[in-house]
Amino acid sequence: MQRRDFLKTSMALAAAAAMRGVTAQEKPSPRWYKGNIHCHSQWSDGKDLPEVTVNEYKKKGYQFFCLSDHNILQTDRLRFNGFAMDFTPKDLTPFEGKTSFWKRVAPSWGWPNLLEEDIKRAQDFFGADSVDIIDTAEGRYVRMKTFDELNAQFGEPGKFLMMPGFEMTAHFVHTNCVNVREDYFVEIDDDGQTDALLKKSADTAKQTYADYDQPWLFTVNHPQWQYYNIQPSSLISRPDLIQMELLNNGTGGPLCPDAWTPESFFDVVNAWRASHDQHLLMGTGTDDSHGCFRTDYLPFKAWQHVRCSELTPGAIFAAMNRGDSYCSNGIELEDLAFDGRTLQLRAVEGEGKYRIDFIGTKKDYDPTPKAYDVAASQGLRARQIESYSPQIGKVLATVEGREASYTLQADDLYVRARVYRLGENNDPVVRPESGLLDFAAWTQSYAPGQPLETF
Ligand SMILES: [Zn+2]
Ligand SMILES: [Zn+2]
């Protein structure tokens, strides 16, 4: 899809959303909203009961949220099985007339178990009667609250927007469908080939929601997980896919920086797209949390800010698609503007010193990938992945401080910016396990002549 067609669709969605909400005269000015659209609960392999998960995000000031459990929507259909798990009892009598997903309590921790301590946490928060429990001869069963029940408990117009969704988990290709109420299934055949699975996931979503009456969003998740399974060429060959995770809890898998990092993945794809008049790839920031209280897996470590006039799925998705958003794991922006030539940003004042890099690729870059050998790891065999020219995603300018601007040169294909905190010796603050920036914000990429519209 060409960029102008996509913009038309985005603007139509935003206009429709605006008409559903408020009239033009009453429309408030755009503001930043913070959200997370990728997160798990006991509906699949997350540690917390769903109400505990949603409660924690709301308490922490998130304003839009999608509980995107693996291959399941939180509907009231009675079931006992889900993503790679089956708790179906032999005797169904105790569940006559019951609804939703019932999970059996396990004696000890292990993927993707529900424990007594998880029930107790929910009861501590919401009362002893808040959790629906049935003790049977085959074990203790716990009912998961549905999306509608969670939304009734936590959703607040203009303050906390909950969107139903799920993570389509097809072998190593994971994609999110947000604000949908119907799921689908992708057969894993073709030896689990990435491009085939990505095509099936994206095409099935488009077919399933072709006549959907609600705005919905499709994202490609964690590029380098599990071990470099999705390559930049996968997104170059699908210019219709607009959203991909730039931040997935900061890392989302082991890194081979000599091949590409999540950041340089975007540069490879966007250098190609900018030189072919295609819509640039936009980055999402999520923590993909599998438990709000786990110490072995840090939640709340990545999120996204989106600027729009109202807290509705249509307004949020339209802003994300036109690039009025940024990813963060610590720094907030108070200003972000691009007039078609100059990108400028200003971070909210915080502790310590900040630095801003402007990053881009020049028109004469070499787009040809080279083969890069990766050793066997994460249960995957040794193989070759793509490695790209260091001309792609170069730092064009660096400014010390929390405010800076960069004007595109005639030979620039696009520009993006990152702002990050400096620690001792003026070195960037990084996550020790990955070396990736730990207290930063990343803008989208912007191409010349295509100003960022804010509304
Ligand atoms: Zn995933
Ligand atoms: Zn996930």
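As the structure is a computational prediction, the values presented were derived from the model and not from experiment. (Residues numbered from 1 in each chain as written. Chains lettered and ligands numbered in written order. Predicted model: local features only at pLDDT ≥ 70, side-chain atom pairs only at ≥ 80, totals over all residues. Heavy atoms only, no water.)

Enquirer: Sorry if this is basic, but what is going on with the overall build of the protein here?
Expert: Across its full length, the protein carries nine helices and 23 strands. Over its C-alpha atoms the protein spans a radius of gyration of 22 Å, differing by no more than 12% from the 23 Å that the globule rule assigns to 455 residues. Taking the principal axes of its C-alpha atoms as reference, the protein extends roughly 75 × 60 × 50 Å. Here the protein, with 455 residues, has 56% of them falling under the buried criterion. In the protein, once contacts between residues fewer than 6 apart in sequence are set aside, the share between residues at least 24 apart is 72%. Roughly 18900 Å² of accessible area belongs to the protein as shown, and the carbon and sulfur atoms make up 49% of that amount. (Helix = DSSP H or I, 4+ residues; strand = E, 2+ residues; numbered from the N terminus. Rg over C-alpha atoms; globule rule 2.2 N^0.38 Å. Buried < 20%, exposed > 50% of the residue type's maximum accessible area, 1.4 Å probe, protein only. Contact = heavy atoms within 4.5 Å. Areas by Shrake-Rupley, 256 points an atom, 1.4 Å probe, with all protein chains shown as cover.)

Enquirer: Would you explain the coordination of the zinc ion (ligand 2) in this entry?
Expert: In an ideal octahedron of six donors the angles at the metal are 90 or 180 degrees, and in an ideal tetrahedron of four donors they are 109.5 degrees. Around the zinc ion (ligand 2), the donor atoms from the protein are His-38 (NE2), His-40 (NE2), Glu-167 (OE) and Asp-288 (OD), and they sit 2.0 to 2.3 Å away. Its four donor atoms give the zinc ion (ligand 2) angles of 80 to 171 degrees at the centre, a pattern that matches the irregular case. In the primary sequence, the donor residues of the zinc ion (ligand 2) line up as H-x1-H-x126-E-x120-D. Between the zinc ion (ligand 2) and the zinc ion (ligand 1) the interatomic distance amounts to 3.4 Å, and Glu-167 serves as a bridging ligand to the pair. (Donors = N, O, S within 2.8 Å, 3.2 Å for Na, K, Ca; no water. Tetrahedral: all angles 85-135°; square planar, octahedral: opposite > 155°, others 65-115°.)

Enquirer: Can you walk me through unusual backbone geometry in this structure?
Expert: Generally, phi is negative for residues other than glycine and the peptide bonds are trans, each holding for most cases. Trp-111 connects to Pro-112 through a cis peptide bond whose omega is -10 degrees. As for its position among the elements, Pro-112 is in the loop between β5 (102-104) and α3 (116-126). Positioned with a positive phi, Asn-71 is a non-glycine residue whose angle comes to about 55 degrees. Of the residues examined, Asn-71 reaches a relative accessible area of 22% and is grouped as partly exposed. With a phi angle near 60 degrees, Asn-425 is a residue other than glycine that sits in the positive phi range.

Enquirer: In this structure, what is going on with the sheet that holds strand β16 (residues 342-347)? I would like to understand it.
Expert: In sheet architecture, strand pairing relies on hydrogen bonds along the backbone and comes in two forms, parallel and antiparallel. Pairing is antiparallel across the open sheet formed by three strands, whose spatial order is β15-β16-β21. Lying at the two open borders of the sheet, with one neighbouring strand each, are β15 (333-338) and β21 (403-407). Strand-to-strand, the axes of this sheet are offset by a mean angle of 5 degrees, without reference to chain direction. In this sheet, β21 lies alongside β16 in antiparallel orientation, the contact comprising five bridges. Paired with Gln-344 across the strands is Ser-405, a residue of β21. (Pairing = 2+ DSSP bridges. Axes fitted to C-alpha atoms, helices over the stretch in contact; angles between N-to-C directions.)

Enquirer: Would you mind showing me how to read the environment of Ala-274 here?
Expert: Within the element layout of this structure, Ala-274 appears in helix α8 (residues 262-274). Residues Ala-274 and Pro-448, 174 residues apart in the sequence, show an inter-C-alpha distance of 9.1 Å. Apart from the residues within four sequence positions on either side, Ala-274 is in contact with Leu-280, Leu-413 and Tyr-414.

Enquirer: Would you explain helix α4 (residues 147-154) in this entry?
Expert: Because an α-helix packs 3.6 residues into every turn, residues spaced three or four apart end up facing the same way. For α4, the set of buried residues is Phe-147, Leu-150 and Phe-154. The arc that holds every buried residue of α4, seen down its axis, measures 65 degrees, which confines them to one face. Against α2 (50-59), β2 (64-70), α3 and β8 (161-170) lie the buried residues of α4. (Arc of directions from axis to C-beta.)

Enquirer: What am I meant to see in the packing of aromatic side chains here?
Expert: The description of an aromatic ring pair rests on the distance of the ring centres and on the angle between the ring planes. Overall, the coordinates contain 26 aromatic pairs when judged by the stated rule. Geometrically, the ring pair formed by Trp-32 and Tyr-326 is edge-to-face, given 5.1 Å between the ring centres and 75 degrees between the ring planes. Within this pair, whereas Trp-32 is found in strand β1 (residues 31-36), its partner Tyr-326 is found in strand β14 (residues 325-328), the two being separated by 294 residues in sequence. Between the aromatic rings of Trp-43 and Phe-101, the centroid separation amounts to 5.7 Å while the plane-to-plane angle is 40 degrees, which identifies the pairing as tilted. In this pair, Trp-43 sits in the loop between β1 and α2 while Phe-101 sits in the loop between β4 (85-86) and β5, placing the two residues 58 residues apart along the sequence. (Phe/Tyr/Trp six-rings, centres within 6.5 Å; stacked < 30°, edge-to-face > 60°.)

Enquirer: I'm lost on the packing of α2 against α3 in this one. Help?
Expert: Packed helices, taken two at a time, are described by their axes: the angle between them and the distance between them. Direction vectors running N to C along α2 and α3 enclose 55 degrees, while the axes themselves pass 10 Å from each other. Looking at the two axes, α2 sits oblique to α3. Once α2 is placed against α3, the crossing between them reads as left-handed. Each of Glu-51, Val-52, Asn-55, Glu-56 and Lys-59 in α2 lies in contact with α3, whose residues at this interface are Arg-121, Ala-122, Phe-125 and Phe-126. Residue composition of the contact of α2 with α3, by class: four nonpolar, one polar and four charged. (Parallel < 35°, antiparallel > 145°, perpendicular 65-115°, else oblique. Left-handed = near helix turned anticlockwise from the far one by under 90°. Nonpolar A, V, L, I, M, F, W, Y, C, P; charged D, E, K, R; others polar.)

Enquirer: Sorry if this is basic, but what is going on with the sheet that holds β5 here?
Expert: Pairing is antiparallel across the open sheet formed by three strands, whose spatial order is β5-β7-β6. Single-partner strands in this sheet number two, and they are β5 and β6 (133-136). Within the sheet, the average angular offset between the axes of one strand and its neighbour, ignoring direction, is 25 degrees.

Enquirer: Would you mind showing me how to read the pattern of salt bridges here?
Expert: When charged atoms on two side chains of opposite charge get close, those side chains can pair. Counted by the stated rule, this structure contains 29 salt bridges. With a shortest N-O distance of 3.2 Å, Asp-148 and Arg-181 are connected by a salt bridge. Here Asp-148 is found in helix α4, whereas its partner Arg-181 is found in the loop between β9 (173-178) and α5 (194-208), with 33 residues between them in sequence. The residue Asp-267 makes a salt bridge to Arg-416 at a minimum N-O spacing of 2.7 Å. Taken together, the residues Asp-267 in helix α8 and Arg-416 in strand β22 (residues 412-422) connect sequence positions 149 residues apart. (Salt bridge = Lys/Arg side-chain N within 4 Å of Asp/Glu carboxyl O.)

Enquirer: Can you walk me through the coordination of the zinc ion (ligand 1) in this structure?
Expert: Taken together, the protein donors to the zinc ion (ligand 1) comprise Glu-167 (OE), His-174 (ND1) and His-222 (NE2), at separations of 2.1 to 2.2 Å. In terms of primary sequence, the donors binding the zinc ion (ligand 1) are separated according to E-x6-H-x47-H.

Enquirer: I tried to follow the packing of α2 against α4 on my own but got confused; where do I start?
Expert: Packing of α2 against α4 brings their axes to within 11 Å, and their N-to-C directions diverge by 35 degrees. Of the two possible hands of crossing, α2 and α4 adopt the one that is right-handed. Residues Pro-50, Glu-51, Val-54, Asn-55 and Lys-58 of α2 lie in contact with α4, whose contacting residues are Leu-150, Gln-153 and Phe-154. Of the residues that constitute the contact of α2 with α4, the class distribution is four nonpolar, two polar and two charged.

Enquirer: Please explain the confidence of the model for the protein as it appears in this structure.
Expert: Detailed reading of the predicted model is not advised wherever pLDDT is low. Counting all residues, the mean pLDDT for the protein is 92, and 93% of those residues have values of 70 or more. In this model residues 14-22 is a low-confidence stretch, pLDDT under 50, and it forms 13 contacts with partners more than four residues away in sequence or in other chains. (pLDDT = per-residue confidence, 0-100.)

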